[in-house]
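If you want the building blocks of each chain, they are given just below.
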There are 2 protein chains.
Amino acid sequence: MTAQPLTSKDNPLLKSIRLVSSGARRAPKQLVIAEGLRVLEEVQRSAFEVEAVVCSEPFGSLPREAALLHRFDERHTRLYRVSEALYQSISTVETPQGVLGLVNVPETHFASIPAESQNPLILCACGLQDPGNLGTLIRTAAAANASLLCTTSGTVSARNPKSIRSSAGAFFRIPIIEHIDIPELRSYCSIHAIRLYRTDVQEGVSYTEAELRSPCAILLGNEGSGLTAQSTSDLPAIRIPIAGGVESLNVATAGAILLFEAKRQRELP
Amino acid sequence: MTAQPLTSKDNPLLKSIRLVSSGARRAPKQLVIAEGLRVLEEVQRSAFEVEAVVCSEPFGSLPREAALLHRFDERHTRLYRVSEALYQSISTVETPQGVLGLVNVPETHFASIPAESQNPLILCACGLQDPGNLGTLIRTAAAANASLLCTTSGTVSARNPKSIRSSAGAFFRIPIIEHIDIPELRSYCSIHAIRLYRTDVQEGVSYTEAELRSPCAILLGNEGSGLTAQSTSDLPAIRIPIAGGVESLNVATAGAILLFEAKRQRELP
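Residues numbered from 1 in each chain as written. Chains lettered and ligands numbered in written order. Predicted model: local features only at pLDDT ≥ 70, side-chain atom pairs only at ≥ 80, totals over all residues. Heavy atoms only, no water.

Trainee: Would you mind showing me how to read the side chain of B:E65 here?
Mentor: Within the secondary structure layout, B:E65 lies in helix α3 (residues 63–74). Apart from residues lying up to four places away in sequence, B:E65 is in contact with B:L37, B:P58, B:F59 and B:G60. (Helix = DSSP H or I, 4+ residues; strand = E, 2+ residues; numbered from the N terminus. Contact = heavy atoms within 4.5 Å.)

Trainee: Would you mind showing me how to read the packing of helix α5 (residues 131–143) of chain A against helix α8 (residues 251–266) of chain A here?
Mentor: Pairs of packed helices are described in terms of their axes, by the angle between the two and the distance that separates them. Residue and element names in this part refer to chain A. Closest axis-to-axis distance for the α5/α8 pair is 9 Å, and the angle between their directions is 10 degrees. With respect to each other, α5 and α8 are oriented roughly parallel. Of the residues in α8, those touching α5 at N133, T136, L137, T140, A141 and A143 are V251, A252, G255, A256, L259, F260 and K263. When the residues that make up the contact of α5 with α8 are grouped by side-chain class, the tally is eight nonpolar, four polar and one charged. (Axes fitted to C-alpha atoms, helices over the stretch in contact; angles between N-to-C directions. Parallel < 35°, antiparallel > 145°, perpendicular 65-115°, else oblique. Nonpolar A, V, L, I, M, F, W, Y, C, P; charged D, E, K, R; others polar.)

Trainee: So what exactly am I meant to see when it comes to the interface of chain B and chain A here?
Mentor: A common way to express how large an interface is: the accessible area buried when the components associate. Listed per partner, the contact involves 31 residues of chain B and 31 residues of chain A. Taken together, the two surfaces of chain B and chain A that pack against each other cover about 2,500 Å², and 53% of this comes from carbon and sulfur. Together, B:R139, B:F260 and B:R264 form the three largest contributors to the area buried by chain B at its contact with chain A, with a combined 21%. Here chain B and chain A share four salt bridges between them. B:E247 is the salt-bridge partner of A:R38, the closest N and O atoms lying 3.1 Å from each other. The tally of links between chain B and chain A comes to 14 residue pairs in polar contact (both at pLDDT 80 or more). (Buried area = accessible area lost by both parts, 1.4 Å probe. Salt bridge = Lys/Arg side-chain N within 4 Å of Asp/Glu carboxyl O. Polar contact = N/O pair within 3.5 Å; in protein donor to acceptor, adjacent residues only side chain to side chain.)

Trainee: Help me understand α5(A) in this model?
Mentor: It helps to recall that an α-helix has 3.6 residues per turn; residues three or four apart then point in one direction. Residues and elements named next belong to chain A. Taking 1.5 Å of rise per residue, the 13 residues of α5 would be expected to cover 18 Å, and the 18 Å separating its terminal C-alpha atoms lies within 8% of that figure. Where burial is concerned, most of α5 is hidden: 13 out of the 13 residues are buried. One or two residues past the end of α5 sits N145, with phi positive at roughly 65 degrees. (Expected span 1.5 Å × (residues − 1). Buried < 20%, exposed > 50% of the residue type's maximum accessible area, 1.4 Å probe, protein only.)

Trainee: Please explain the relation of the copies chain B and chain A as it appears in this structure.
Mentor: The two copies are related by a screw operation: chain B maps onto chain A through 180 degrees of rotation and 0.0 Å of translation along the axis, at an RMSD of 0.0 Å. Each copy turns onto its partner about a two-fold axis. In this assembly the copies share their binding face: 100% of the residues contributing to the interface of chain B also contribute to that of chain A. (Least-squares fit on C-alpha atoms with pLDDT ≥ 70 in both.)

Trainee: How should I be thinking about the sheet that holds strand β2 (residues 31–35) of chain A in this particular structure?
Mentor: In any sheet, the strands associate via hydrogen bonds between backbone groups, in a parallel or an antiparallel arrangement. All names here are of chain A. Within the open sheet, the five strands sit side by side as β1-β4-β3-β5-β2. Their pairing is mixed. If you trace the sheet from one side to the other, it starts and ends with β1 (4–5) and β2, each paired once. As paired strands, β1 and strand β4 (residues 79–82) are joined by two bridges and run parallel to one another. Each bridged residue has a counterpart across the sheet, and for P5 the counterpart in β4 is R81. (Pairing = 2+ DSSP bridges.)

Trainee: Even after reading the chapter, I still don't get the pattern of salt bridges, so can you show me in this structure?
Mentor: For the coordinates displayed, the defined rule picks out 24 salt bridges over all chains. Close ionic contact of A:R198 with A:E203 constitutes a salt bridge, the shortest N to O distance being 2.8 Å. Look at A:R198 and you get buried, because its relative accessible area is 11%. If you follow the salt bridges from partner to partner, you end up with A:R38, A:E41, A:R64 and B:E247 in one network.

Trainee: Explanation requested: the environment of B:Y197 in the structure shown.
Mentor: Residues and elements named next belong to chain B. Its place among the elements puts Y197 in strand β9 (residues 195–199). On the accessibility criterion, Y197 (5% relative accessible area) is buried. C-alpha separation for the pair Y197 and L212, spaced 15 residues apart in sequence, amounts to 9.6 Å. If we skip the residues at most four places from it in the chain, Y197 touches A210, E211, L212, C216, A217, I218, L219, P236 and I238.

Trainee: Just to check I follow, could you spell out the packing of aromatic side chains for this structure?
Mentor: Note on aromatic pairs: each is described by the distance of the centres and the angle between the planes. Residue and element names in this part refer to chain A. Counted by the stated rule, this structure contains six aromatic pairs over all chains. Here F48 and F172 contribute two aromatic rings whose centre-to-centre distance is 5.9 Å and whose plane-to-plane angle is 65 degrees, an arrangement assigned as edge-to-face. Of the two residues, F48 is situated in the loop between α2 (37–45) and β3 (49–56) and F172 in the loop between α6 (161–166) and β8 (176–180); the sequence distance between them amounts to 124 residues. Their ring planes at 85 degrees and their centres at 5.0 Å tell us that F171 and F172 sit as a pair that is edge-to-face. An identical accessibility class is assigned to F171 and F172; each is buried. Each member of the aromatic cluster is reached from another via a ring pair, and the members are F48, F171 and F172. (Phe/Tyr/Trp six-rings, centres within 6.5 Å; stacked < 30°, edge-to-face > 60°.)

Trainee: Just checking my understanding: could you explain unusual backbone geometry for this structure?
Mentor: With the exception of glycine, the majority of residues adopt a negative phi angle, and the majority of peptide bonds are in the trans configuration. All names here are of chain A. Phi at N145 is positive, roughly 65 degrees, even though this residue is not glycine. Backbone geometry places H179, a non-glycine residue, at a positive phi of 55 degrees. Within the element layout of this structure, H179 appears in strand β8.

Note that all results are geometric; they support no functional claim without further evidence.
Structural data, given as structure tokens:
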């Protein structure tokens, strides 16, 4: 394993990593930080270009860690090793596992996603503020065989290191189109004969009775106030009935229930 | 509204609140901290005894906030008002809404839960480490009409202020028995003719084909390693099939999918 040592905190790579982590406007848009063993395993399996992988001194002693570094080495990824103190200066977590990568993930647009050969299932997260919730939704969408995840403008970035971490690396597995406008999604769904639903806490048909077996897209509202966009009120609504008195579900929970109901319906004989 | 001003950071009530927040061994076991508008609304609706409610200077200006304080006042709850700086010294969150309560929640045991008159649905969280995940599960269990939530020893406390907050107050709505032993649950299920399942990521029947319509209890494993207890390997297993390559679901997500499948089956004609 041919990891190069880095010892200066002013090393240009480490400075870039800190810049990308900060989410500053002048940070290169295409780069994201992937941190943690499981997330890096997903990166390694993906086709994305890895700019560099940095690990702390003790990382690599466990077999699963060593295997990861070995596979990056085979891919000729640039590998660097730093002291634990220096690693802490670039880490995006409080108790780091000691490995992170700088990955080149070009933005995806409706024009650039592959033709929908199978039965599309799209989730669109509208206005979510919490990167943990968005990351969990990304992980769940990948697990439910969703074909695409979108976010509207005003939603936390899926490229936020915490979103990527909460996705357990599924960020690198499912196509994600960020910061779309609803009319853009409506147009896409219309062209591809994809039924578009909005979710509502009060009105609409129960999600178990909604037709989710055929191509569909679901708009999911934010944590506090649900869907508020005026441009969706004419869409058919689906809701998740819950026990009397309970105000609402966590947004990532609601998304999971809807996605796995679609998966269930699609697997019926 | 008759809130009493408190100005000393050494006031005994504020010291008790900090002690309970800290989770120290010498903190009174029965007391929990409920923080935030929505959580306090649930406390107010519950039958639990409220030791005191403390709010910061600006809290109460919005109608929903004023209504909450008014209802506590009608209940003759002791209400106190403190400066924003003093509130910050007792808050359990970074950006507080400015209201918290100290609530007396006696421990629940199998012997003390009401006779199961309806169709029991029990979730048992085994070894969860993240209070946010446990709180989300509590919220989801209440929304799915579950009759009881249990946790095994080695699980983060449901009384942790962050669990209570993530439950959006559902902590005060559903019976919770903490830190049980699996044999104790097995015995309870056996006496009450409740079918007990373990969850597994690989083996077992798909959750949509499992019989969840009749009385049942589900053991849910922890975030990292699933269920490891030797004492469960003979139980029937259910699993949530997920898309090829995705390693697993978030534990709160998995619980939600199982609970809402049980709810779906129970509502079938």
